[in-house]
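Close look at the chain arrangement
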Amino acid sequence: MTGDELVRVNGRDIVDGGDVTSAVRAVRSGGLVTVQVMRAGQPVTIRFTAGTYGQVRAVLADLPDQAERMRRIRSGILAGN
């Protein structure tokens, strides 16, 4: 939650961002993760099973018979509008 102070991940003390990176890299997909935080001055332990991150990739393909509106929308997407 916003405002939580990260204290420990899988028993590893967290002092800075480097500690977070090392702790996260040590976790394998399907592994149990225990995170300890301070929330509103109270210790809270959160446990979960690590999953995997799947990056979504989209492909924009032209249709053979495009309406004018479809061409305008495509042009806007490609221009970042």
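Whatever comes next refers back to the structure up there.
Now for a description of the structure that goes with this document. Predicted model only: the values in this text are computed from it and were never measured.

Under the defined criterion, the tally for this structure stands at four salt bridges. Arg-39 is the salt-bridge partner of Asp-4, the closest N and O atoms lying 2.7 Å from each other. Here Arg-39 lies in strand E3 (residues 32-39) and Asp-4 lies in the segment before strand E1 (5-9), a separation of 35 residues in the sequence. By relative accessible area, which is 27% here, Arg-39 ends up partly exposed.

Right, let's talk about the nonpolar core for a bit. Counting residues in hydrophobic clusters, the biggest one holds seven residues: Val-9, Ile-14, Ala-23, Val-33, Val-35, Val-37 and Ala-50. Element by element, the count of residues in this core is highest for E3, at three residues. Each residue touching Ala-50, except ones within four places of it in the same chain, is listed here: Val-27, Arg-28, Ser-29, Gly-30, Gly-31 and Val-33.

Take the side chain of Gln-66 next. With respect to the helices, strands and loops of the structure, Gln-66 is situated in the loop between strand E4 (42-49) and helix H2 (68-79). For Gln-66, the side chain forms a polar contact with the side chain of Asp-62, separated by 3.3 Å. Gln-66 has contacts with Arg-71 and Arg-74, leaving out every residue within four places of it along the chain.

Cut-offs used in this document
- Residues numbered from 1 in each chain as written.
- Predicted model: local features only at pLDDT ≥ 70, side-chain atom pairs only at ≥ 80, totals over all residues.
- Heavy atoms only, no water.
- Salt bridge = Lys/Arg side-chain N within 4 Å of Asp/Glu carboxyl O.
- Helix = DSSP H or I, 4+ residues; strand = E, 2+ residues; numbered from the N terminus.
- Buried < 20%, exposed > 50% of the residue type's maximum accessible area, 1.4 Å probe, protein only.
- Core = buried A, V, L, I, M, F, W, Y, C linked by side-chain atoms within 4.5 Å.
- Contact = heavy atoms within 4.5 Å.
- Polar contact = N/O pair within 3.5 Å; in protein donor to acceptor, adjacent residues only side chain to side chain.

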